[in-house]
Amino acid sequence: DIHSEYAIMLKWNDIRNQRSIFLIESDWTQLPDCALPAKEKKAWKEYRQELRDLPQKYANINPMFVVFPIRPSHIIKRTFMQCLIFVVNKVFRNK
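About the cut-offs
- Residues numbered from 1 in each chain as written.
- Predicted model: local features only at pLDDT ≥ 70, side-chain atom pairs only at ≥ 80, totals over all residues.
- Heavy atoms only, no water.
- Helix = DSSP H or I, 4+ residues; strand = E, 2+ residues; numbered from the N terminus.
- Buried < 20%, exposed > 50% of the residue type's maximum accessible area, 1.4 Å probe, protein only.
- Contact = heavy atoms within 4.5 Å.
- Areas by Shrake-Rupley, 256 points an atom, 1.4 Å probe, with all protein chains shown as cover.
- pLDDT = per-residue confidence, 0-100.
- Expected span 1.5 Å × (residues − 1).
- Bend = angle between axes of the 7 residues up to and from the residue.
- Salt bridge = Lys/Arg side-chain N within 4 Å of Asp/Glu carboxyl O.
- Polar contact = N/O pair within 3.5 Å; in protein donor to acceptor, adjacent residues only side chain to side chain.
- Phe/Tyr/Trp six-rings, centres within 6.5 Å; stacked < 30°, edge-to-face > 60°.

### Describing the overall build of the protein chain
Alright, step 1. Helices and strands together make up the secondary structure of the protein chain, namely three helices and zero strands.
Alright, step 2. Per-residue burial over the protein chain gives 28% buried out of 95 residues.
Alright, step 3. Looking at the protein chain alone, contacts between residues at least 24 apart form 61% of all its contacts between residues at least 6 apart.
Alright, step 4. Only carbon and sulfur atoms are counted for the fraction: they give 60% of the accessible area of the protein chain, which is about 7200 Å².

Right, dumping it as structure tokens:
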């Protein structure tokens, strides 16, 4: 029916919006200047690919059952701050 199709469309919009937020929040992990070890950078790259693959992975499933991938657990918040400080220092030193 039209109401359930509309509800499914709205849910997919919510999923895509949340996925975009997760991708934006993890963009820093793929910057060339980011000081993440290769293993951690790879884990984030795989996580981001899983996010991009969500619509295809769940194409024939009710979007209410979509499960987002889990962020790499071995990354700590301090790592983001270290990366940010590294990039800021590099920008200001190059001026």
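### Concerning the confidence of the model for the protein chain
Alright, step 1. Looking at the protein chain as a whole, its pLDDT mean stands at 86, while 82% of the residues score no less than 70.
Alright, step 2. Here helix α3 (residues 77–93) stands out as the least confident element of the protein chain, with mean pLDDT 67; helix α2 (residues 38–57) is the most confident, with 95.

### A word on α2
Alright, step 1. Across its 20 residues, α2 extends 27 Å between first and last C-alpha, which sits within 8% of the 28 Å expected from 1.5 Å per residue.
Alright, step 2. L51 marks where α2 bends most, by close to 30°; the proline P55 follows one to four residues later.

### Some remarks on the pattern of salt bridges
Alright, step 1. Following the criterion strictly, the structure yields three salt bridges and no others.
Alright, step 2. Notably, a salt bridge pairs D27 with R48, separated by 3.0 Å at the nearest N-O pair. Placement of the pair is D27 in the loop between α1 (2–25) and α2 and R48 in helix α2, with a sequence separation of 21 residues.
Alright, step 3. Note on R48: relative accessible area 9%, which makes it buried.

### Remarks on α1
Alright, step 1. Taking 1.5 Å as the rise per residue, α1 with 24 residues should run 34 Å; its terminal C-alpha atoms sit 35 Å apart, in good agreement.
Alright, step 2. Considered for burial, the residues of α1 that qualify are W12, I15, R19, F22 and L23.
Alright, step 3. On the buried face of α1, the contacting elements are α2.
Alright, step 4. In this structure D1 caps α1, since a side-chain oxygen of it lies 3.2 Å from the backbone nitrogen of H3.

### So, the packing of aromatic side chains
Alright, step 1. Taken as a whole and judged by the stated rule, the model has three aromatic pairs.
Alright, step 2. Plain terms: the ring middles of W28 and W44 are 6.3 Å apart, the flat faces sit at 55° to each other, and that makes the pair tilted. Linking W28 in the loop between α1 and α2 with W44 in helix α2, this pair joins segments that are 16 residues apart in sequence.
Alright, step 3. Overall, the relative accessible area of 12% leaves W28 in the buried class.
Alright, step 4. You can call W44 buried: its relative accessible area is 4%.
Alright, step 5. Relative to Y47, the ring of W44 has its centre 5.5 Å away and its plane inclined at 90°; by these criteria the two rings are edge-to-face. Separated by three residues within a single helix, W44 and Y47 lie in helix α2, roughly one turn from each other. Take W44 and Y47: they sit in the same class, and that class is buried.
Alright, step 6. Taken together, the ring pairs connect W28, W44 and Y47 into an aromatic cluster.

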